[in-house]
Amino acid sequence: MADLFRSAQVGCTFAGLPLGFHAQVTPRPLTAPRLLHANPRVAALLGLDPADCASADFLALCSGASRLADDIQPLATVYSGNQFGVWAGQLGDGRAHLLGDVSAASGTWEIQLKGSGRTPYSRMGDGWAVLRSSIREYLASEAMVGLGIPTSQALALVSSDDRVLRETPETAAMVTRVAPSFIRFGHFEHWAQSHHEQKALLEYVVDRFYPECWVGEAGARDIQATAMAVLAEVVRRTARLIAQWQLVGFCHGVMNTDNMSILGLTLDYGPFGFMDRFSAGHVCNHSDTYGRYAWNAQPGVARWNLYRLAESLHVLGCDIPSLESCLQPFESQFLQAYHEGLARKFGLSDWREGDSALANEWWTLLETQQADFTLAFRHLARVREDAGPWLALFRDPAAARVWLARYRDRLTGDPADASARRLAMDAANPLYVLRNHLAQESIAAAQQGDVSVLNRLFNVLRAPYEPHPDGRHFAEPPKADTPEVAVSCSS
Ligand code: AMP
Ligand code: MG
């Protein structure tokens, strides 16, 4: 293994946790791998330059053929979780390998392969990931960064002709993911009956990510108070994260507790979706028959998931009423972040009494008029100069005019001047999101060996608030006759 990370320190901190937390497993390399994309921004975070990313060492690392260093053994980690509201027992990294961590100037980053072969936690799975879902995860990670939403990041996308059987035969791919940590609520749920391991996991998480949550001096820590301080912080971060999802019309699709990050990151992109036409009950995952993870259900589900996390801390001696008191602020924290975000999107300097009614009428208008989520916000910034493009988004422009009159009334009471407001609204309302049909276009081309759509879409999504001269097409909603892309858990 040549030293790709010469300017950084490499290790595997997670390996320091007791044996039951992980299994040492060697990734299964892709056959004749092709680097479809390397992310220069994430590479730079790790101290890598473009020449590094073009090297054989980089391809070997990102296709499962080499280690971070000879003495760093890749791991799969164990976790459990609630899937679709039902306790599923042990899950774990069934097709992901933690290669270790890299400490660079930007911080310490875990590097994880996804689609890198079977592990002791694969259950019935084959350990593969297909090109289709890997492209979606790769693009979505960068889209979220561009939108300013906390997320795991993607360093590289590698494909191969290795055959994978899903509903139809497909080909394999691997995404190299990067995050400060991939620890999930499910890691804590896994140890909900084991005081010793739960304490070790909590200490690990606090030391590395929440040092401000330590209560008591070293040697005399108050572990219950510390656990509750961490829980309160996870509640706060999760509330803010979900508010950010809501504000861009993002639906995660599989908000199982094992897909919830202990750091408040968006994690595990599967059958996610950004809404085109607004529908409050939009369900992006075709496998989600009962709409458990619909757009308007996400805040409630997040709170339910936080309860499961809280329960798992009971084993540390935290009493239930105290744990519940940590969860209580969720709703107000969510609403505060959501209202602040809506105020920015509407170009309001603050959120006032009465604005909730204006917002409710907005959502009703969008839904009844089948308006596009992203463009309805984006074009609102220009209704003063020319309301035409905005009105054209609604089936019945007269209905939109009624709302617009109310909105204009509200703006007259706002101190910001028109041009400052327009700029602020453009910075709060993306022009581009990863619409399903766009992901599909880039997938179809990549399956034919053409990565040009992927490249162009990536460049647009990384800076979604500014118009791209050659990005017109990527701002457009799907044509009425475009067949809807059915996205399921199959990945
Ligand atoms: P998900 O909800 O897609 O994040 O995955 C739920 C669980 O299934 C996790 O333990 C995954 O590691 C595992 N899993 C999903 N797909 C596969 C696969 N193809 N092979 C092995 N394990 C998988
Ligand atoms: Mg998962």
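Anything mentioned here points back to the structure above.
Before going into details, it helps to say that this report is about the structure given with it. (Residues numbered from 1 in each chain as written. Chains lettered and ligands numbered in written order. Predicted model: local features only at pLDDT ≥ 70, side-chain atom pairs only at ≥ 80, totals over all residues. Heavy atoms only, no water.)

1. Let's talk about the packing of aromatic side chains
Formally: Pairing of aromatic side chains requires ring centres within 6.5 Å, counting the rings of Phe and Tyr and the six-membered ring of Trp. Pairs whose planes differ by under 30 degrees are stacked, by over 60 edge-to-face, and all others tilted. Numbering of helices and strands runs from the N terminus; a helix is a DSSP stretch of H or I covering at least four residues, while a strand is a stretch of E covering at least two. Exposure classes here rest on a 1.4 Å probe applied to the protein chains alone. A residue is buried below 20% of its type maximum, exposed above 50%, and partly exposed in between. For a Lys NZ or an Arg CZ to count as sitting over a ring, it must be within 6 Å of the ring centre and within 35 degrees of the ring normal.
Within this structure, the stated rule accounts for 29 aromatic pairs. With centroids separated by 6.5 Å and ring planes inclined at 75 degrees, the aromatic side chains of Trp295 and Phe373 adopt a geometry described as edge-to-face. With a gap of 78 residues between them, Trp295 in the loop between β12 (273-274) and α8 (298-312) and Phe373 in helix α12 (residues 373-380) connect regions that are remote in the sequence. For Trp295, a relative accessible area of 5% puts it in the buried group. Judged by relative accessible area, Phe373 falls into the buried class, the value being 1%. Site record: aromatic cluster; members linked through ring pairs are Phe278, Trp295, Phe346, Trp362, Trp363, Phe373, Phe377, Trp390, Phe394, Trp403 and Tyr407. Seen from the ring of Trp304, Arg292 lies directly overhead, with NZ or CZ sitting 4.8 Å from the centre. The lysine or arginine in question, Lys345, covers the ring of Phe377, its NZ or CZ lying 4.4 Å from the ring centre.

2. Overview of the site of ligand 1
To keep things clear, this is the line we draw: The near set for a molecule or strand comprises every residue that places at least one heavy atom within 4 Å of it. Here a polar contact is recorded for every N or O atom pair within 3.5 Å, except that within protein the pair must consist of a potential hydrogen donor and a potential acceptor, and residues adjacent in sequence are included only if both atoms are side-chain atoms. Using a 1.4 Å probe, accessible areas were evaluated by the Shrake-Rupley method; residue-level cover was limited to the displayed protein chains. In this entry, domain limits derive from an automatic or database-based domain assignment.
Near ligand 1 you find 17 residues, and of these Gly92, Gly94, Arg123, Asp126 and Gly127 are the closest. In the model, an oxygen atom of ligand 1 is placed 2.6 Å from a nitrogen or oxygen of the Gly92 main chain. Here an oxygen atom of ligand 1 and a side-chain polar atom of Asp268 are 3.2 Å apart. Protein chains bury 80% of the 490 Å² of accessible surface belonging to ligand 1 in isolation. When residues of the shell around ligand 1 are assigned to domains, at least three fall in each of domain 1 (9-182) and domain 2 (186-338).

3. Regarding the environment of Ser133
Along the polypeptide, Ser133 turns up in helix α4 (residues 131-147). Classification of Ser133 by relative accessible area gives buried; the value is 12%. Distance from Ser133 to Ala480, taken between C-alpha atoms, is 24 Å for residues 347 residues apart in sequence.

4. Some thoughts on the side chain of Arg132
The condition is simple: Note on contacts: a residue pair is in contact if any heavy atoms of the two residues lie within 4.5 Å.
Checked against the element boundaries, Arg132 lands in helix α4. Dropping the residues within four chain positions of it, Arg132 is found in contact with Arg166, Glu170, Ile443, Gln447, Ser490 and Ser491.

5. Thoughts on the environment of Trp87
Within the secondary structure, Trp87 is located in strand β6 (residues 86-90). Under the relative-accessibility criterion, Trp87 is labelled partly exposed at 48%. Along the primary structure Trp87 and Phe334 are separated by 247 residues, whereas in three dimensions their C-alpha atoms are 26 Å apart. Ignoring any residue separated from it by four or fewer positions in sequence, one finds Trp87 in contact with Ser80, Gly81, Asn82 and Glu189.

6. Thoughts on the state of the cysteines
Each disulfide is one covalent bond, formed between the sulfur atoms of two cysteines. As a reminder of what qualifies: We call a pair of cysteine sulfur atoms a disulfide whenever their separation is within 2.5 Å.
Counted according to the given criterion, the structure contains 0 disulfides. Cysteine Cys213 remains unbridged, with the sulfur of Cys326 as its closest cysteine sulfur at 10 Å. In this structure Cys213 comes out as buried when scored by relative accessible area, which is 7%. Unpaired in terms of disulfides, Cys284 finds its nearest cysteine sulfur in Cys251, a separation of 4.8 Å.

7. Some details on the environment of Ser63
Note that Ser63 resides in the loop between α3 (56-62) and β4 (75-77). Separated by 226 residues in sequence, Ser63 and Thr289 place their C-alpha atoms 35 Å apart. Residues within four places of Ser63 in sequence aside, it is in contact with Arg28, Pro29, Leu30, Pro33, Val158 and Met174.

8. Notes on the coordination of the magnesium ion (ligand 2)
Each angle at a metal carrying four tetrahedral donors should ideally be 109.5 degrees, and each at a metal carrying six octahedral donors should ideally be 90 or 180 degrees. We apply this condition: Any N, O or S atom lying within 2.8 Å of the metal counts as a donor, and for Na, K and Ca the limit rises to 3.2 Å; water is left out, so some sites can look incomplete.
Distances from the magnesium ion (ligand 2) to its protein donors, namely Asn259 (OD1) and Asp268 (OD), fall within the range 2.0 to 2.1 Å. Taken individually, Asn259 and Asp268 each receive the classification buried, so the pair is uniform in this respect.

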